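Commentary on secondary and tertiary structure
Letter by letter, the chains look like this.
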Amino acid sequence: EKSQFDIQQKRSEAASSAKEARLNRLQEGVEKLKVALKEAGNQDKDRAAADRRETDRLQNEVRKLERQRAELVNAFKKQMKLIEVLKRQRAHLEAAKVLSF
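Please read these numbers as outputs of a predicted model, since none were measured by experiment.

Definitions and limits used
- Residues numbered from 1 in each chain as written.
- Predicted model: local features only at pLDDT ≥ 70, side-chain atom pairs only at ≥ 80, totals over all residues.
- Heavy atoms only, no water.
- Helix = DSSP H or I, 4+ residues; strand = E, 2+ residues; numbered from the N terminus.
- Rg over C-alpha atoms; globule rule 2.2 N^0.38 Å.
- Areas by Shrake-Rupley, 256 points an atom, 1.4 Å probe, with all protein chains shown as cover.
- Lys, Arg positive; Asp, Glu negative; His and termini not counted.
- Charge placed at Lys NZ, Arg CZ, Asp CG, Glu CD.
- Salt bridge = Lys/Arg side-chain N within 4 Å of Asp/Glu carboxyl O.
- Buried < 20%, exposed > 50% of the residue type's maximum accessible area, 1.4 Å probe, protein only.

Now for the overall build of the protein. Looking only at helices and strands, one finds 1 helix and 0 strands in the protein. For the protein, whose C-alpha radius of gyration is 43 Å, the value lies well above the compact-globule estimate of 13 Å for 101 residues. Considering only C-alpha atoms, the protein reaches an extent of 150 × 10 × 10 Å along its principal axes. On the protein, roughly 10000 Å² of surface is accessible, and the fraction owed to carbon and sulfur atoms is 57%. On the protein, the mean spot of the 25 positive side-chain charges and the mean spot of the 17 negative ones are 10 Å from each other.

Written out as structure tokens, the structure is:
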């Protein structure tokens with residue numbers, strides 16, 4: 001009876017030891033997954049911040065280009081007005097030449 005009890009105890013200890021080893025492996029796996037999840041979260045935050053910076057940079061570039069375009073359109077309009085003034089001046093000069101002869 002004692003040897004049977006010892007055998008049963010050894011079996012129980014072996015099963016307990018196997019379960020404990022399995023539990024430790026599973027806990028290690030859980031810890032690895034927690035670390036991986038945290039790293040993935042950090043990468044997502046970094047990526048979001050980089051995307052935000054890039055969006056801001058591109059928006060600033062768009063504003064700058066829109067300003068430059070507006071300046072060019074205004075300069076073109078001024079040039080067109082100057083061309084009209086010069087055409088009128090030339091017409092007056094030609095009329096004055098015709099009248100002086």
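Following the criterion strictly, the structure yields 3 salt bridges and no others. Note that Glu-31 and Lys-34 form a salt bridge whose closest N and O atoms lie 3.8 Å from each other. Pair noted here: Glu-31 and Lys-34 are both in helix α1 (residues 2-100), with a separation of 3 residues, about one helical turn. For Glu-31, a relative accessible area of 44% gives the class partly exposed.

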